[in-house]
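Listed here are the chains, written in short residue letters.
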Amino acid sequence: MQGKIDLEDRVRGVLLGLAAGDALGAGYEFKPAMEASEPVGMIGGGLGDFAPGEWTDDTSMAIVMAQALAAFGGTASEEACTQMVQGWADWAKTAPDVGVQTSAVLRAAESLARRGGRELPTAADAIQAAADAHQRTGRSGGNGSLMRTAPVALAYLHRPVEEAYTAAVKLSALTHFDPEAAEACGLWTAAIRHAVLTGQLDVRIGLGLLEPARAGLWEQRIGAAEAGAPKDFGNNGWVVEAFQGAWSAISAATGRSAAQAPLERQLLVEALEAAVRGGVDTDTVAAIAGSLIGAACGARAIPGDWLGMLHGWPGLAASDLDELALNLASGSHMASD
Ligand SMILES: [Mg+2]
């Protein structure tokens, strides 16, 4: 019974951790790195003039994804992907903080739809728009697909890790053509899934799913993250350095807190504060870190005052994220039975 309670708590920790990191970083976005002595809090503000405790595009886009996955049996089907694209396009109409790459792709997908005589964009429109954007600019490795990948880990919790990885890659390509973004999403999703199932933090768990040369490159990147600090990965609008910054924050906190008990809350708070102190895209790096550290430590590790403050588009609060996460994970169980 205890095992089931722990597993449920870790399921709940994924989206709550994501939202907590996002809301914590919101007030510091695009500011420089901070000293370890500088306090970090749920102050709100930032580019979208957010309220204290309000989450930003990272969590809002993940919610659209979670709802679409839940609506279609927890599978990243064509229909689920189309619902995501339409949900994001709808959200983007009023959101104050749509990422540059995501915004361009969604607008291009809408225009492809109009030209094809469709009222709303489909998944195929978005994939085409993302590929076109990559071809035009030669780059599409922003962090905008990694920041929203967490729901995939819940939807595929009780399915093979290969399926979770493939789904994460597929959903990344809806807005980000670059294989770097795909691999980052696949690896992070595999790590979240593993953390929920076992309580263990192992960002290398998905490396075996990559081609050996790519796995070797990611191993080097992960090693650099562990040897460095979040501020060393200041180009964190790029998916690779966002991944490294998030893992750097988690691994530094793990190293420091390991000998102390009870350590889960301290570890989660230290990791998210470290992610924010790394500077620049603070909410996204902390959101990415939060989805993994929340998966490992569980919802009980998230401070109660943070949970009470968390809220955001589309008019949801912490209890709604709880319900969404538990729904996704239980659907995954049924899919596997
Ligand atoms: Mg954001």
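Shown above is the structure to which this text applies.
Residues numbered from 1 in each chain as written. Predicted model: local features only at pLDDT ≥ 70, side-chain atom pairs only at ≥ 80, totals over all residues. Heavy atoms only, no water.

**Considering the coordination of the magnesium ion**
Then step 1. Around the magnesium ion, the protein supplies Thr56 (OG1), Asp57 (OD), Asp58 (OD) and Asp283 (OD) as donor atoms, at distances of 1.9 to 2.3 Å.
Then step 2. In terms of primary sequence, the donors binding the magnesium ion are separated according to T-D-D-x224-D. One end of the pair, threonine 56, is in the loop between α1 (2-26) and α2 (57-71); the other, aspartate 283, is in helix α12 (residues 282-297), and 227 residues separate them in sequence.
Then step 3. Owing to a relative accessible area of 0%, aspartate 283 belongs among the buried residues under this scheme. (Donors = N, O, S within 2.8 Å, 3.2 Å for Na, K, Ca; no water. Helix = DSSP H or I, 4+ residues; strand = E, 2+ residues; numbered from the N terminus. Buried < 20%, exposed > 50% of the residue type's maximum accessible area, 1.4 Å probe, protein only.)

**Quick look at the packing of aromatic side chains**
Then step 1. Counting across every chain of the model gives two aromatic pairs.
Then step 2. Note on tryptophan 188 and phenylalanine 243: the rings are 5.0 Å apart at their centroids and 70° apart in plane angle, and the pair reads as edge-to-face. Taken together, the residues span a long stretch of sequence, with tryptophan 188 in helix α8 (residues 179-198) and phenylalanine 243 in helix α10 (residues 239-257) at a distance of 55 residues. The pair tryptophan 188 / phenylalanine 243 is uniform in exposure class, with both members buried.
Then step 3. Cluster of aromatic residues (ring-pair linked, three or more members): Trp188, Trp218 and Phe243.
Then step 4. Positioned above the aromatic ring of tyrosine 156, the side-chain terminus of arginine 159 is 4.1 Å from the ring centre. (Phe/Tyr/Trp six-rings, centres within 6.5 Å; stacked < 30°, edge-to-face > 60°. Lys NZ or Arg CZ within 6 Å of the ring centre and 35° of its normal.)

**Observations concerning the nonpolar core**
For soluble globular proteins, the rule of thumb is that nonpolar side chains tend to be buried together.
Then step 1. Among the nonpolar cores identified, the biggest contains 110 residues, and Leu15, Met84, Trp188, Ile192, Phe243 and Trp306 are the most heavily contacted of them.
Then step 2. It is α12 that provides the largest number of residues to this core, a total of ten residues.
Then step 3. Every residue in contact with phenylalanine 243, bar those within four places of it in the chain, is listed here: Leu146, Ala184, Leu187, Trp188, Val203, Trp218 and Ile222. (Core = buried A, V, L, I, M, F, W, Y, C linked by side-chain atoms within 4.5 Å. Contact = heavy atoms within 4.5 Å.)

**Focus: unusual backbone geometry**
Then step 1. With an omega dihedral of 0°, the bond running from tryptophan 313 to proline 314 counts as a cis peptide bond.
Then step 2. Mapped onto the fold, proline 314 is located in the loop between β1 (311-312) and β2 (316-317).
Then step 3. Phi angles above zero are rare outside glycine, and aspartate 49 is one such case at about 50°.
Then step 4. The residue aspartate 49 is located in the loop between α1 and α2 in this model.
Then step 5. Residue aspartate 49 is classed as exposed on the basis of its relative accessible area, which comes to 64%.

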